[in-house]
Amino acid sequence: MTTNRLDALPLRPELRGKSPYGAPQLDVPVRLNTNENPYPLPDALVARIAERVGEAARDLNRYPDRDAVELRTALAAYLSRDGFEVTTEQVWAANGSNEVIQQLLQVFGGPGRLATGFEPSYSMHGLIARGTSTEWVSGPRRADFTIDTEAAVAALATHRPDIVFITSPNNPTGTAVDRETVIALYEAAQAVKPTVVVVDEAYVEFSHADSLLPLLDGRPLLVVSRTMSKAFGAAGLRLGYLAADPAVVDAVQLVRLPYHLSAVTQATALAALEHTDTLLGYVEQLKAERDRLVTELTALGFDVTPSDANFVQFGVFDGPGGAHAAWQYILDRGVLVRDNGVPGRLRVSTGTPAENDAFLDVVRGLKKEHS
Ligand code: PMP
């Protein structure tokens with residue numbers, strides 16, 4: 001139906017026959033499919049958001065601060081917490097890190113340019129590339145889902161990309177990329193031509209490893225992208241940001257829509273940043289629950305990919321129907337997980353302890369029925 005309607009429209013050729021990104025949004029008791037934070041924002045923060053948004057509402061007759069300076073300053077202070085100092089001029093914010101990625105592809109990609117990432121990885125990198133008429137080439141990963149530096153360097157030499165995406169921790173596999181690999185890929189890319197290397201750290205607050213932010217030092221074409229959707233429990237807010245050389249921040253302003261970040265968004269994000277310590281406390285609980293999921297799934301006999309994120313990839317489902325049949329079995333029992341299309345694997349986001357227990361009960365049953 002939709003396809004027929006779309007077929008009648010004069011779409012750009014590269015969009016013909018394509019489907020929009022869409023994780024199912026199903027109304028089931030336990031939703032563990034989009035790597036959201038399961039904890040609602042605490043009451044004190046909700047009250048502070050109401051207060052700050054109330055203040056912002058008085059000025060809604062005016063356009064918001066186009067450069068979001070107060071927010072970028074607060075984000076820079078947040079990024080500087082671990083000792084590597086990031087300035088306001090190095091930070092840029094947009095409506096979700098998806099928009100940050102789109103702006104980067106609009107500036108550094110586009111017709112005649114090529115982007116690459118090491119798949120399986122975050123599918124939106126390739127989809128946003130397509131949306132900006134940037135060619136996309138998939139780079140290799142090992143069978144254990146880590147990046148094989150030598151093979152990746154060879155792929156960069158072959159494809160000569162203009163933009164490289166490195167997702168750490170990676171989605172959907174959960175694996176973090178070590179700093180030596182990022183340095184090697186950055187250098188290999190620059191050896192061919194000036195190349196923007198984007199480290200997507202959407203999940204870094206959940207990692208056992210440190211952020212790769214300090215690598216910005218001396219690497220003017222490195223970009224680290226972050227989001228408030230995961231660790232800050234604010235997926236509904238739509239606030240993503242990047243840290244990079246100030247010249248990159250100047251560059252994205254060539255394509256950003258004027259006043260792209262609403263006054264309501266800026267006020268809400270600022271309120272959330274005031275409550276950073278509380279929100280990072282939830283992150284600690286989620287990390288412990290993530291580790292419990294890894295331990296229990298492993299004990300059940302699943303092949304579990306080590307995780308530095310707020311989700312866990314598990315399998316191997318090689319019976320009839322593969323991973324999709326297992327996904328349906330789990331859904332039929334009230335738990336929604338994600339089938340990312342990685343053969344034989346599913347991904348489960350870390351929920352509350354009760355949600356994780358519900359999930360583990362279901363997969364225990366699945367294991368029993370199929371062994
Ligand atoms: N990067 C990665 C690796 C992600 O998994 C996601 C969301 N699932 C995003 C970026 C986008 O997040 P948002 O637009 O909500 O900031």
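The name given to the protein chain in an unreviewed UniProt entry is Histidinol-phosphate aminotransferase, and the organism recorded there is Streptomyces evansiae. UniProt's Cofactor (unreviewed entry) comment on the protein chain is quoted here verbatim: "pyridoxal 5'-phosphate". Quoted verbatim from the Catalytic activity (unreviewed entry) field of the UniProt record, the comment on the protein chain reads "L-histidinol phosphate + 2-oxoglutarate = 3-(imidazol-4-yl)-2-oxopropyl phosphate + L-glutamate".

K.L.:
Lay out the site of the ligand in plain terms, naming residues and giving numbers.
P.N.:
What surrounds the ligand is a group of 13 residues, the closest being Gly-96, Ser-97, Asn-98, Thr-227 and Ser-229. Sort the elements by how many residues they give to the shell around the ligand and helix α4 (residues 96-108) lands first, with three residues. Of the residues in the shell around the ligand, the class split is three nonpolar, nine polar and one charged.

K.L.:
Account for the nonpolar core, with residues named and values stated.
P.N.:
The tendency in soluble globular proteins is for nonpolar side chains to be buried side by side. Grouped together as the largest cluster of nonpolar side chains are 97 residues, with contacts concentrated most on Ala-93, Leu-104, Leu-185 and Val-197. Counting residues per element, this core draws most heavily on helix α9 (residues 263-274), which supplies six residues. Residues lining this core come from more than one domain, with at least three contributed by each of domain 1 (21-41 + 278-369) and domain 2 (43-274). Setting aside residues no more than four positions away along its own chain, Leu-185 makes contact with Ala-152, Val-153, Leu-156, Val-164, Ile-166 and Val-197.

K.L.:
Go over the domain arrangement of the protein chain, please, and point to the residues and values.
P.N.:
Domain assignment breaks the protein chain into domain 1 (21-41 + 278-369) and domain 2 (43-274). If you average the C-alpha positions of domain 1 and of domain 2, the two centres end up 25 Å apart. Taken residue by residue, the interface counts 26 residues in domain 1 and 25 residues in domain 2. Counting only elements with at least two residues in the side of domain 1 that touches domain 2, the list comes to α10 (276-299) and β10 (311-315). Ranked by residues supplied to the side of domain 1 that touches domain 2, first place goes to α10 with seven residues. Grouping the constituent residues of the side of domain 1 that touches domain 2 by class yields 13 nonpolar, seven polar and six charged.

K.L.:
Describe the environment of Ser-229, and please don't skip the residues or the numbers.
P.N.:
Note on placement: Ser-229 falls in the loop between β7 (222-227) and β8 (240-244). By the C-beta count within 10 Å, which is 23 here, Ser-229 ends up buried. Separated by 194 residues in sequence, Ser-229 and Asn-35 have C-alpha atoms that sit 9.0 Å apart. The residues touching Ser-229, leaving out its near neighbours within four places in the chain, are Gly-96, Ala-234 and Ala-235.

K.L.:
Requested: an account of unusual backbone geometry, with residues and values cited.
P.N.:
Cis geometry marks the peptide bond from Ser-168 to Pro-169; its omega dihedral reads -5 degrees. Residue placement: Pro-169 occurs in the loop between β5 (163-167) and α7 (179-192). Note that the residue after Asn-171, namely Pro-172, is joined by a cis bond; omega there is 15 degrees. Mapped onto the elements, Pro-172 comes out in the loop between β5 and α7. Phi is positive for Ala-68, close to 45 degrees, though the residue is something other than glycine. By the secondary structure assignment, Ala-68 is in the loop between α2 (43-57) and α3 (69-79). Residue classification places Ala-68 among the buried residues on the basis of 26 C-beta atoms within 10 Å.

K.L.:
Break down the sheet that holds strand β9 (residues 303-304) for me, with residues and values.
P.N.:
Pairing in this open sheet of three strands is antiparallel, and the strands run β9-β10-β12 from one edge to the other. Of all the strands in the sheet, the pair left with one neighbour each is β9 and β12 (345-349).

K.L.:
Hey, could you go over α9 for me, with residue numbers and the actual values?
P.N.:
Helical geometry note: an α-helix holds 3.6 residues per turn, so side chains three or four residues apart project in the same direction. Between its terminal C-alpha atoms α9 stretches 17 Å, which fits the 16 Å expected from twelve residues at 1.5 Å a residue. Most of α9 is tucked away: nine of the twelve residues are buried. Taken as a whole, α9 has its buried residues at Ala-263, Thr-265, Gln-266, Ala-267, Thr-268, Ala-269, Leu-270, Ala-271 and Ala-272. Each element contacted by the buried residues of α9 is listed here: α2 and α3.

K.L.:
With reference to specific residues and values, describe the packing of α10 against helix α12 (residues 353-369).
P.N.:
Running from N to C, α10 and α12 point in directions that differ by 15 degrees, and their axes come no closer than 11 Å. Classified by the angle their axes make, α10 and α12 are roughly parallel. Note on packing geometry: the crossing formed by α10 with α12 is right-handed. Listed contacts from α12 to Glu-289, Arg-292, Leu-293 and Glu-296 of α10 are Pro-353, Asn-356 and Leu-360. For the contact of α10 with α12, a count of residues per class yields three nonpolar, one polar and three charged.

Quick notes on the rules
- Residues numbered from 1 in each chain as written.
- Predicted model: local features only at pLDDT ≥ 70, side-chain atom pairs only at ≥ 80, totals over all residues.
- UniProt positions renumbered as here; feature names shortened; annotations may be inferred.
- Near = placed C-beta within 6 Å.
- Helix = DSSP H or I, 4+ residues; strand = E, 2+ residues; numbered from the N terminus.
- Nonpolar A, V, L, I, M, F, W, Y, C, P; charged D, E, K, R; others polar.
- Core = buried A, V, L, I, M, F, W, Y, C linked by C-beta atoms within 7 Å.
- Buried ≥ 20, exposed ≤ 12 C-beta atoms within 10 Å, placed from the backbone.
- Domains from an automatic or database assignment.
- Contact = placed C-beta atoms within 7 Å.
- Pairing = 2+ DSSP bridges.
- Expected span 1.5 Å × (residues − 1).
- Axes fitted to C-alpha atoms, helices over the stretch in contact; angles between N-to-C directions.
- Parallel < 35°, antiparallel > 145°, perpendicular 65-115°, else oblique.
- Left-handed = near helix turned anticlockwise from the far one by under 90°.

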